[in-house]
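# Overview (structure and organization)
Chain by chain, the residues run as shown.
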Amino acid sequence: TKVARSIKRLLIDVSELYNTEEIFKFGVIDLVTELKDDVREVTRETIRKALEQELLLTPHPRTNYTLFSRRQKEVNSEFWPVKNAENKVHYVFDRFLIDIWKSTNFDFS
């Protein structure tokens, strides 16, 4: 779906912006915020469905994590994220998975 393609594109962009990081964690609401300009009428449920049914990811337990935001980095190139204070369920994406997505020549348009 368009949501799954947009999530892949977001993660590829994030991995290029933060090229020293190996693991990226996003909560559902983080992805809604990051994708709201790319996908019309994106909701928590469409994000969750794309993550779990299409990308076959499982949610991780509630914990604090560092959010590597594409939106904030594009606004301020000097931005470097710190661990957030929110305790949320999240999904983990590693660089290996993102590199696979990047190398498949997948049409993200």
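Look up: the structure comes first, before these words.
Notes on the structure follow. (Residues numbered from 1 in each chain as written. Predicted model: local features only at pLDDT ≥ 70, side-chain atom pairs only at ≥ 80, totals over all residues. Heavy atoms only, no water.)

### Some words on the overall build of the chain
A count of helical and extended segments in the chain gives five helices and three strands. Along the chain, helices (α) and strands (β) appear in the sequence α-β-α-α-β-α-β-α when read from the amino end. Rg of the C-alpha trace for the chain: 13 Å, near the compact-globule value of 13 Å for 109 residues, within the 12% margin. For the chain, the spread of C-alpha atoms along the three principal axes comes to 30 × 25 × 25 Å. The burial tally for the chain puts 40% of its 109 residues in the buried class. By sequence separation, contacts in the chain at least 24 residues apart represent 74% of the contacts at least 6 residues apart. Just so you have it, the chain exposes about 6,600 Å², and 50% of that area is on carbon and sulfur atoms. Averaging the coordinates of the 18 positive side-chain charges in the chain and doing the same for the 18 negative ones gives two points 3 Å apart. (Helix = DSSP H or I, 4+ residues; strand = E, 2+ residues; numbered from the N terminus. Rg over C-alpha atoms; globule rule 2.2 N^0.38 Å. Buried < 20%, exposed > 50% of the residue type's maximum accessible area, 1.4 Å probe, protein only. Contact = heavy atoms within 4.5 Å. Areas by Shrake-Rupley, 256 points an atom, 1.4 Å probe, with all protein chains shown as cover. Lys, Arg positive; Asp, Glu negative; His and termini not counted. Charge placed at Lys NZ, Arg CZ, Asp CG, Glu CD.)

### As for the packing of helix H1 (residues 2-17) against helix H2 (residues 28-35)
Running from N to C, H1 and H2 cross one another at 90°; their axes reach a closest spacing of 11 Å. By the criterion of interaxial angle, the relationship of H1 to H2 is roughly perpendicular. On the side of H1, the interface is formed by Ser 6, Ile 7 and Leu 10, while H2 contributes Leu 31, Glu 34 and Leu 35. (Axes fitted to C-alpha atoms, helices over the stretch in contact; angles between N-to-C directions. Parallel < 35°, antiparallel > 145°, perpendicular 65-115°, else oblique.)

### Points about H1
For H1, with 16 residues, the first-to-last C-alpha span of 22 Å sits near the 22 Å given by 1.5 Å per residue. Of the residues making up H1, those classed as buried are Val 3, Ala 4, Ser 6, Ile 7, Lys 8, Leu 10, Leu 11, Ile 12, Asp 13, Val 14 and Ser 15. (Expected span 1.5 Å × (residues − 1).)

### Regarding the packing of aromatic side chains
The description of an aromatic ring pair rests on the distance of the ring centres and on the angle between the ring planes. Scanning all chains against the criterion turns up six aromatic pairs. Geometrically, the ring pair formed by Phe 24 and Phe 68 is edge-to-face, given 5.6 Å between the ring centres and 85° between the ring planes. Taken together, the positions of Phe 24 in strand S1 (residues 23-26) and Phe 68 in the loop between strand S2 (60-63) and helix H4 (70-75) put the pair 44 residues apart, joining distant regions of the chain. Using a relative accessible area of 6% as the deciding quantity, one classes Phe 68 as buried. Following the ring pairs from residue to residue traces out a cluster consisting of Tyr 18, Phe 24, Phe 68 and Trp 80. (Phe/Tyr/Trp six-rings, centres within 6.5 Å; stacked < 30°, edge-to-face > 60°.)

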